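Coordinates in review
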There are 2 protein chains.
Amino acid sequence: MLKDNIIPFWLKNGLDKKHGGYYTALDRKGGLIETDKSVWFQGRFAWVLSTLYADFEKKQEYLDAAKSGIEFLEKYCFDKAGDGRMYFRVTEDGKPIIKRLRYYFSETFCLVAMAAYSRASGDKSYVKKAREILDNIDRYQKEGLLIPKFDAGNRPTIAFGPPMIMLATVQELRKADPENKDYYNKYIDNLLKNIQLFLYEDKKAVLEQCNPDGTLQDHFEGRLLNPGHAIESSWFILREAIERGHDETLKALGVKIFDWMWEWGWDKEYGGIIQYMDVLGKPKSEYHHDMKFWWPQTEAAIAALYCYYFTKDDKYLEKHDMVKEYTKKFIDTEYGEWFGYLHRDGRISTDLKGNMYKGPFHIPRMYMKCAEIIDAINAK
Amino acid sequence: MLKDNIIPFWLKNGLDKKHGGYYTALDRKGGLIETDKSVWFQGRFAWVLSTLYADFEKKQEYLDAAKSGIEFLEKYCFDKAGDGRMYFRVTEDGKPIIKRLRYYFSETFCLVAMAAYSRASGDKSYVKKAREILDNIDRYQKEGLLIPKFDAGNRPTIAFGPPMIMLATVQELRKADPENKDYYNKYIDNLLKNIQLFLYEDKKAVLEQCNPDGTLQDHFEGRLLNPGHAIESSWFILREAIERGHDETLKALGVKIFDWMWEWGWDKEYGGIIQYMDVLGKPKSEYHHDMKFWWPQTEAAIAALYCYYFTKDDKYLEKHDMVKEYTKKFIDTEYGEWFGYLHRDGRISTDLKGNMYKGPFHIPRMYMKCAEIIDAINAK
């Protein structure tokens, strides 16, 4: 599936041979519907291609395509004349279109791309560049370059996204830079401490944002649960448990988060992981709360296998199979790749294959991670 | 309906007797689900109450409640220590929570509230205050205080929202300040010129954003049509046609926009005005594109009557009736008021009665405007 469907779909339709880098806004058949480029996806696809090359198959086409994204990132995606932060969206020839004011996720995806590319290409200068991005992310926060959404004085708020994405990000950098393992381990220890602030034991739920001390914000955003997001974090944590010699505390944490958020997220009526829930059961303000997006499903598929790896409890294999069965609704048997957006009952909402948020990342990552963990299960 | 259902629902459940102002985030039964206050709705509900008092019924309760919102706005909703712009969201006791960086719609809704309140209360100081807000909106733009979403150099962009909302805003101010009619008429002439830039004759559509010369931006946002939004503008324009002695050019413009966007917006399969379309028929990136929100329906109900008023063509009465019939899906016969968010096929997505975007505005405005235009039709 990965090598004869997903990757070829994007290499054929998404590579920009003229300017370098990748288009991701493609219609059902792979036709281009938006020439602007997502900076996230320059990093994400370069990460996928580099990882595929480094860890699965030494195909020159993968390395060349990875290089194209890396070069596009370096050339066009940093605000070099300004504060050095990265853009969110650029034209096909690299002119800035949107620079976000609050987030640093363009940076995290560029960082993992460079880390993986250093492993794929053997060019160690990319380890150094990736590390510089990490240091810059720290600097933004220290210098207050990012504008918080909520007034920091009247509603001090922490969000789950940053520590959980940083966990996966630093894991990738450590893999490329094992000599500095101790530094990254300490960095990750701190992230894991932060991640645990979002556990809301009362309701057995992982919050998406809360007060800095981990208490609930009884507001729309504070009550909002994003089960797919939390489930994604569960396998980041279980991956860390493996790295730390099968650390029992981390294992218990990862499995607990999966168990909790599966309960919240799995739609017992229609199947699939639902987009949002309200932790106090109040009505949701997000009107697309009951949709099924592709990525919570891919994350649940990975996480269930990780849980099985650690527990050998068949219920996790069953859950993996439930998700796998459900993902058939996303697969486009006619034109390849997956649809991204289903209504709650499984009907397709929009049949595009990519935009600024969907592209070659979660799906190829799922195939790669599942292959890895299945190997580990079999080897155990 | 308006006086014995909609308004009592909000007066009973939305008034904050302790701090003043209004809550709008209410569940189906009117229970409070979010204590934060929408600055938009402090202005919008104060406008509704003031207009109801000034033009429909001199009920002290309306005037008192209007005053409460006006005072809350003046006391808490301006960044007095900063650049003077308004907040978007504040705590129930008026502490700032969110201040938007790109928009001035808090200002426009505050302005119309003050204009209407001056008519209701007879306190002319509110005309002066409303005029100051108008001048401030002009100043923000001159001084570049608002951050554009798209890079102004690489993708200069104009958006339909500002001139169309400003049209309705200045109309309200003119009504409260007839002595300065000439100034407002000139202001509106300029807005009407800007509004016409968004007419895309090729596809008989009103664009939501485009290049400054009115040409299409073949990007997700440039292709996105919001039929309810354009239909809303059609009755603002027809209202202006009446003000200008039944100006034929404005009449033709308003009716054309309604005709065009009804074609784009009316869902021939399930009924109702659909949320988004793509002007080139490409797949939509907004995954909630096919939902039915309450407000496009209310705007279509008003606009169809305006078109009938001018044309005496029964097809507009039929369209009004089609919308009226469809809106029954929104009406909560058990607990009052309307639901706001339906799936394409009419099933309810979330049953809340209000949040930061839905509250006492479009629905009461529809009842008031329809009553007005029906009177005008009968008087003609």
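Cut-offs and rules
Residues numbered from 1 in each chain as written. Chains lettered and ligands numbered in written order. Predicted model: local features only at pLDDT ≥ 70, side-chain atom pairs only at ≥ 80, totals over all residues. Heavy atoms only, no water. UniProt positions renumbered as here; feature names shortened; annotations may be inferred. Pairing = 2+ DSSP bridges. Helix = DSSP H or I, 4+ residues; strand = E, 2+ residues; numbered from the N terminus. Phe/Tyr/Trp six-rings, centres within 6.5 Å; stacked < 30°, edge-to-face > 60°. Lys NZ or Arg CZ within 6 Å of the ring centre and 35° of its normal. Least-squares fit on C-alpha atoms with pLDDT ≥ 70 in both. Contact = heavy atoms within 4.5 Å. Buried area = accessible area lost by both parts, 1.4 Å probe. Salt bridge = Lys/Arg side-chain N within 4 Å of Asp/Glu carboxyl O. Nonpolar A, V, L, I, M, F, W, Y, C, P; charged D, E, K, R; others polar. Patch = residues over 30% accessible without salt bridge, like charges linked within 9 Å, V, L, I, M, F, W, Y side chains within 5 Å. Areas by Shrake-Rupley, 256 points an atom, 1.4 Å probe, with all protein chains shown as cover. Lys, Arg positive; Asp, Glu negative; His and termini not counted. Charge placed at Lys NZ, Arg CZ, Asp CG, Glu CD.

Within an unreviewed UniProt entry, the label attached to chain A reads N-acyl-D-glucosamine 2-epimerase, and the organism entered is Brachyspira intermedia. In its Sequence similarities (unreviewed entry) section, the UniProt entry covering chain A states "Belongs to the N-acylglucosamine 2-epimerase family."

Adjacent strands of a sheet pair through backbone hydrogen bonds, lying either parallel or antiparallel. All names here are of chain B. Spatially, the three strands line up as an open sheet ordered 10-11-12, and their pairing is antiparallel. Single-partner strands in this sheet number two, and they are strand 10 (292–293) and strand 12 (348–350). Looking at chain direction, strand 10 and strand 11 (residues 341–342) are connected through two bridges and run antiparallel. Paired with Lys-292 across the bridge in strand 11 is Leu-342.

Aromatic rings in a pair are described by how distant their centres are and how their planes are angled relative to each other. Taken as a whole and judged by the stated rule, the model has 60 aromatic pairs over all chains. Their ring planes at 5° and their centres at 4.7 Å tell us that Trp262(A) and Trp266(A) sit as a pair that is stacked. Through successive ring pairs, a cluster of aromatic residues spans Trp40(A), Trp47(A), Phe88(A), Tyr103(A), Tyr104(A), Phe105(A), Phe109(A), Tyr357(A) and Phe361(A). If you follow Lys358(A) out to its NZ or CZ, it ends over the ring of Trp294(A), 5.9 Å from the centre. Seen from the ring of Phe339(B), Lys353(B) lies directly overhead, with NZ or CZ sitting 5.2 Å from the centre.

Superposing chain B onto chain A takes a rotation of 180° plus a shift of 0.0 Å along the axis, which leaves an RMSD of 0.0 Å. As the rotation angle and translation indicate, the two copies are arranged about a two-fold axis. By C-alpha distance to the rotation axis, the residue of chain B lying nearest is His288(B), at 3.1 Å. Here 100% of the interface residues in chain B have copies in chain A that are interface residues too; the copies meet face to matching face.

Between chain B and chain A, the residue contacts involve 44 residues of the former and 44 residues of the latter. Around 3600 Å² of area is buried between chain B and chain A when both sides are counted, 54% of it from carbon and sulfur atoms. Linking chain B with chain A are four salt bridges, by the criterion used here. The residue Glu221(B) makes a salt bridge to Arg89(A) at a minimum N-O spacing of 2.7 Å. For the side of chain B that touches chain A, the secondary-structure elements that each account for two or more residues are strand 3 (96–98), helix 8 (220–223) and strand 12 of chain B. When the residues that make up the side of chain B that touches chain A are grouped by side-chain class, the tally is 15 nonpolar, 12 polar and 17 charged.

Attention shifts here to the environment of Gly336(A). Among the secondary structure elements, Gly336(A) is positioned in the loop between helix 12 (314–327) and strand 11 (341–342). Between the alpha carbons of Gly336(A) and Asp4(A) there is a distance of 9.5 Å; along the sequence they are 332 residues apart.

It is worth spelling out the sheet that holds strand 2 (residues 89–90) of chain B at this point. Taken together, three strands build an open sheet; the order of strands is 1-2-3 (chain B) and the sheet is antiparallel. Single-partner strands in this sheet number two, and they are strand 1 (37–38) and strand 3 of chain B.

On the surface, Asp313(A), Asp314(A), Glu318(A) and Asp321(A) cluster together into a patch of negative charge. By secondary structure assignment, the location of Asp321(A) is in helix 12.

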